[in-house]
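# Structural overview
So you can see what is in the structure, the chains are spelled out below.
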Amino acid sequence: MITQEQISTVMDHPVHDADGNKIGEAKHVFLDDATGRPEWVSVKTGLFGMNESFVPIREASVVEDHLEVPYPKDKVKDAPNVDVDAGGHLSEEEEHRLYEHYGIAWDEAWEQANQPGQAGWAHTGQAGTTSTSARPDMPPGAGGDDAMTRSEEHMHVGTERQEAGRARLRKYVVTEEVQQTVPVHREEVRVEREPITDDNRDAALSGPEISEAEHEVTLHEERPVVETETVPVERVRMTTEEHTDEETVRGQVRKEEIDTDGIDDEHDGRGM
């Protein structure tokens, strides 16, 4: 159980579930008006902390630098939306809805708060962030000064990195027709007749005078021969470039206004 002395160590600190998953940041701690014990903690959840969920703090514990609650992250984020009144109180109906969401018996919670020695059941109120601020439902001088604190919400916009798409390199094989002209050589037979002269007479008369003879000549020719080889021609890689665009984000923020009753405008401190 969280004590009042530990509230300052809980505010604006991370809240985790029992499995160690971060749920959000602790924003407010709500006390039982009668017993003064912490009853609820509101947790800022969502992408930019724009949502606020309520979770029981009775069985929570402070672990190192964060608050640990015995409820799953999704259970807390799905808790009913609750509007806290101007006095920082949960209504009986809203508190009943929260108890049902977390599976806590309303009757058992009431009986526990009204056991002998307990101060009794009362609606739950918010623990102020400053100890000197009086609640609006208190008369001046009761538990604080006579000033009223006016608060407003500020919108904080951030960015998160997410996957937008994927690109890949894929290599495949295509077949192309290539044409190239090369010279080829071939041999052809040509008959040469040489008249008998004094220079070749001896060679011409070296054989028999009358005979039959045959002479064979082998012819050659060239033909194209095609072969291929694989050679590297280029290297291809993918890189990413970062570009900065501007986007306009719109949201709703709430703020408190203070009106005066029974005070003339010339005395309300603001003038005309």
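Only a predicted model underlies this, so the values are computations on that prediction, with no experimental measurement involved. (Residues numbered from 1 in each chain as written. Predicted model: local features only at pLDDT ≥ 70, side-chain atom pairs only at ≥ 80, totals over all residues. Heavy atoms only, no water.)

Regarding its fold elements, the protein presents five helices and seven strands. Here the protein holds 272 residues, and 22% of them are scored as buried. For the protein, the exposed area adds up to about 23100 Å²; of that, 45% sits on carbon and sulfur atoms. (Helix = DSSP H or I, 4+ residues; strand = E, 2+ residues; numbered from the N terminus. Buried < 20%, exposed > 50% of the residue type's maximum accessible area, 1.4 Å probe, protein only. Areas by Shrake-Rupley, 256 points an atom, 1.4 Å probe, with all protein chains shown as cover.)

Right, let's get into the pairing of strand 2 (residues 22–32). Burial analysis of strand 2 places eight of its eleven residues in the buried class, the great majority of the element. The pairing of strand 1 (residues 14–16) with strand 2 spans three bridges and is classified as antiparallel. Bridging from a neighbouring strand, P14 pairs with E25 of strand 2. Following strand 1, the chain reverses through five residues before pairing antiparallel with strand 2; G20 in that reversal takes a positive phi of roughly 90 degrees. Here strand 2 pairs with strand 3 (residues 38–45) via six bridges, running antiparallel. Bridge assignment links E25 to a residue of strand 3, and that residue is K44. (Pairing = 2+ DSSP bridges.)

Moving on to the pattern of salt bridges. Under the criterion given, the structure shown has ten salt bridges. Residue E39 pairs with R58 through a salt bridge whose shortest N-O separation is 3.0 Å. In this pair, E39 is assigned in strand 3 and R58 in the loop between strand 4 (51–56) and strand 5 (61–63), connecting sequence segments 19 residues apart. In this structure, E192 engages R190 in a salt bridge whose closest nitrogen and oxygen atoms are separated by 2.9 Å. Look at E192 and you get exposed, because its relative accessible area is 62%. What makes R190 exposed here is its relative accessible area of 67%. (Salt bridge = Lys/Arg side-chain N within 4 Å of Asp/Glu carboxyl O.)

The biggest cluster of nonpolar side chains holds 27 residues, and the ones touching the most others in it are V29, W40, V41, V55, L67 and V69. Elements that contribute at least two residues to this core include exactly helix 1 (7–10), strand 2, strand 3, strand 4 and helix 3 (92–101). At five residues, strand 2 tops the list of elements feeding residues into this core. (Core = buried A, V, L, I, M, F, W, Y, C linked by side-chain atoms within 4.5 Å.)

Our focus in this paragraph is helix 3. Those residues of helix 3 not exposed but buried are E94, E95, L98, Y99 and H101. Along the axis of helix 3, the buried positions cluster into a sector of 160 degrees, meaning they face one direction only. Those residues of helix 3 that are exposed and aimed more than 90 degrees away from the buried face are E93 and E100. Where helix 3 ends, the next residue or the one after it, G103, has phi of about 70 degrees, a positive value. (Arc of directions from axis to C-beta.)

Turning our attention to the side chain of R58. In this structure R58 comes out as buried when scored by relative accessible area, which is 18%. A distance of 3.0 Å separates the side chain of R58 from the side chain of E39, its partner in a polar contact. In this structure the side chain of R58 is engaged in a polar contact, spanning 3.5 Å, whose partner is the side chain of Y99. (Polar contact = N/O pair within 3.5 Å; in protein donor to acceptor, adjacent residues only side chain to side chain.)

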